[in-house]
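Observations on chain architecture
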Amino acid sequence: MKILDKIEEIFCGTALLTTTIILFINVMLRYIFKSSTSWAEELIKYLMIWIAFIGGGICARTGAHVSIDFIHEYLSSKSKKKVFIVVNTIAAIFAGIMMTYGIKVINFTISMGQVSPALQIPMWIPYLAIPLGFFLMTIRFVQEVFKGIKGDKDDDLKGVN
């Protein structure tokens, strides 16, 4: 799984850097030369979508998803562990369901033959971020469930303390 960790991080980092560079160049073209590229805004939008969905897997792995911990502070260590396992199980099920709906969206988009307006790429490519991102989140939430089941120390459980 360390390879998958690196792939996720390299992809998000590269996509974010690419987005920044394209955005900077497009702004410079617009304000200095009074002209901009037609494809830049569309590419930036699609890259940000990919960053968000692939980044969801990173957040699930690192325990960085948004959570409410008001009640959590009043629970015993054993109860925290149980809540951690339940929450991550529910999150894994939800991500799995969303992945299947994402696959349906991809199949529908392929059947329609839709292409993007500026880049002229098949629209299933930007939409592929949905099932792939939720697949990664499912894997990561399942990993967290197993960590919760076998983990003896609270330190092993991200987001539990």
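Refer to the preceding data block for the structure.
Residues numbered from 1 in each chain as written. Predicted model: local features only at pLDDT ≥ 70, side-chain atom pairs only at ≥ 80, totals over all residues. Heavy atoms only, no water.

This brings us to the packing of helix α3 (residues 77–112) against helix α5 (residues 129–150). Their axes nearest at 8 Å, the elements α3 and α5 cross at an angle of 160°. Accordingly, the angle class assigned to the pair α3 and α5 is roughly antiparallel. Every pair of crossing elements has a handedness; the one defined by α3 and α5 is left-handed. Considered class by class, the residues forming the contact of α3 with α5 number 19 nonpolar, six polar and two charged. (Axes fitted to C-alpha atoms, helices over the stretch in contact; angles between N-to-C directions. Helix = DSSP H or I, 4+ residues; strand = E, 2+ residues; numbered from the N terminus. Parallel < 35°, antiparallel > 145°, perpendicular 65-115°, else oblique. Left-handed = near helix turned anticlockwise from the far one by under 90°. Nonpolar A, V, L, I, M, F, W, Y, C, P; charged D, E, K, R; others polar.)

Let's shift gears to the nonpolar core. Among the nonpolar cores identified, the biggest contains eight residues, and these are Ala60, Ala91, Ala92, Ala95, Met99, Phe134, Met137 and Phe141. Looking at this core, the elements that each hand over two or more residues are α3 and α5. Here the element with the most residues in this core is α3; it accounts for four residues. Within the second largest apolar cluster, six residues are counted, among which are Cys12, Trp50, Ile58 and Ala129. (Core = buried A, V, L, I, M, F, W, Y, C linked by side-chain atoms within 4.5 Å. Buried < 20%, exposed > 50% of the residue type's maximum accessible area, 1.4 Å probe, protein only.)

Counted under the stated rule, the structure contains four aromatic pairs. Taking the centre distance of 5.7 Å and the plane angle of 65° together, the rings of Phe53 and Phe134 count as edge-to-face. Of this pair, Phe53 sits in helix α2 (residues 40–62) while Phe134 sits in helix α5, placing them 81 residues apart in sequence. Accessibility expressed as a relative area gives 10% for Phe134, which makes it buried. Consider the rings of Phe94 and Phe134, whose centres lie 6.3 Å apart with planes at 85°: the pair is edge-to-face. Pair noted here: Phe94 is in helix α3 and Phe134 is in helix α5, with a separation of 40 residues, a long-range link. Members of the aromatic cluster, connected to one another through ring pairs, are Phe53, Phe94 and Phe134. (Phe/Tyr/Trp six-rings, centres within 6.5 Å; stacked < 30°, edge-to-face > 60°.)

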